[in-house]
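Remarks on the overall topology
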Amino acid sequence: DEAAVKAAPFGGVVALLSLRGGVGATTLAVNLAVSATQTGQRAICLVDLCPSSGHVALQLGLRPEPNWSDLARVGEFGAVAIDTYLLEHDSGLHVLASPVFPVQGEQALSRQVVRTALSTLQQRYSTIIVDAPPVLNEAAAAALEAATTVGLVITAESASIQTAVGTLRTLKAWFSKFQIVINQVAPGPMPSAEAIERALKRPVGGVVPFDPGQAQALAQARPLVLSQPD
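Let us look at the structure shown here. (Residues numbered from 1 in each chain as written. Predicted model: local features only at pLDDT ≥ 70, side-chain atom pairs only at ≥ 80, totals over all residues. Heavy atoms only, no water.)

**Remarks on the overall build of the chain**
Within the chain, the regular secondary structure consists of 10 helices and eight strands. For the chain, whose C-alpha radius of gyration is 17 Å, the value lies close to the compact-globule estimate of 17 Å for 230 residues. Summarising its shape, the C-alpha atoms of the chain cover approximately 50 × 40 × 35 Å along the three principal directions. Classification of the 230 residues of the chain by burial places 45% in the buried group. Contacts spanning at least 24 positions in sequence make up 78% of the contacts within the chain whose residues lie at least 6 apart. Carbon together with sulfur atoms contributes 53% to the accessible area of the chain, which is approximately 11,500 Å² in total. Across the chain, 15 positive and 18 negative side-chain charges occur, with their mean positions spaced 8 Å apart. (Helix = DSSP H or I, 4+ residues; strand = E, 2+ residues; numbered from the N terminus. Rg over C-alpha atoms; globule rule 2.2 N^0.38 Å. Buried < 20%, exposed > 50% of the residue type's maximum accessible area, 1.4 Å probe, protein only. Contact = heavy atoms within 4.5 Å. Areas by Shrake-Rupley, 256 points an atom, 1.4 Å probe, with all protein chains shown as cover. Lys, Arg positive; Asp, Glu negative; His and termini not counted. Charge placed at Lys NZ, Arg CZ, Asp CG, Glu CD.)

**Brief notes about the pattern of salt bridges**
In the structure shown here, the tally under the stated rule is six salt bridges. Residue Glu138 is joined to Arg111 by a salt bridge in which the shortest nitrogen-to-oxygen separation is 3.4 Å. Here Glu138 is found in helix H6 (residues 138-146), whereas its partner Arg111 is found in helix H5 (residues 111-122), with 27 residues between them in sequence. Residue Glu138 is classed as partly exposed on the basis of its relative accessible area of 41%. A salt bridge links Glu145 to Arg115; the shortest N-O distance between them is 3.1 Å. With Glu145 in helix H6 and Arg115 in helix H5, this pair connects stretches of sequence that are 30 residues apart. You can call Glu145 partly exposed: its relative accessible area is 30%. (Salt bridge = Lys/Arg side-chain N within 4 Å of Asp/Glu carboxyl O.)

**Quick word on unusual backbone geometry**
In this structure, the amide linkage connecting Glu65 to the following residue, Pro66, adopts the cis form with an omega of 5 degrees. One non-glycine residue, Lys201, lies in positive phi territory at about 60 degrees. Mapped onto the elements, Lys201 comes out in the loop between helix H8 (193-200) and strand S8 (204-208). Not every positive phi belongs to a glycine, and Ala221 is a case in point at roughly 55 degrees. Mapped onto the elements, Ala221 comes out in the loop between helix H9 (213-219) and helix H10 (224-227).

Set out below in structure tokens:
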């Protein structure tokens, strides 16, 4: 509820992760970052680590140039230099975007580059929200290492729950960081949170209800939280 949200600690590196596409992890990352920026009390940076044409910039209506592919080529950078790779949304949110074209091989982000980037950004921003890659690559590992909290985003359907079970088992080294977030991406009834908790053997940290306005928000490249802050 609203009181619980206000009381929850928020800061450091917060990563949103799902190894199953279509569950809305990117949409939640974008809306969370914009919402936090709107409070005016925190400096927020949103980082899109997707190697296959991430959609953070698209959802914000931004052209993803520059992006982290330029950063990956440089390798070493400081707090001032990293500013040249960031985009700024009209909400005041700063973004390290993913490139439009998928990357592979030597073009991909290394664990060390991601570590350095997140550490450098933390010198400038009180909160870094990371849209983690939907694959367990070097960039994902670095984000999980740096994160204070990892939101594991799922939907209440069997394939997503199965993927979440496997994710928790594979990433047990970071088990204590995980919070389960159920995102309802379609209208209609869904299994109870209690049933999902039994399947995952983990408590559910929160449920995001379906909102019919989300489709229009995506089409307009205007995060829903700007028009519906509640």
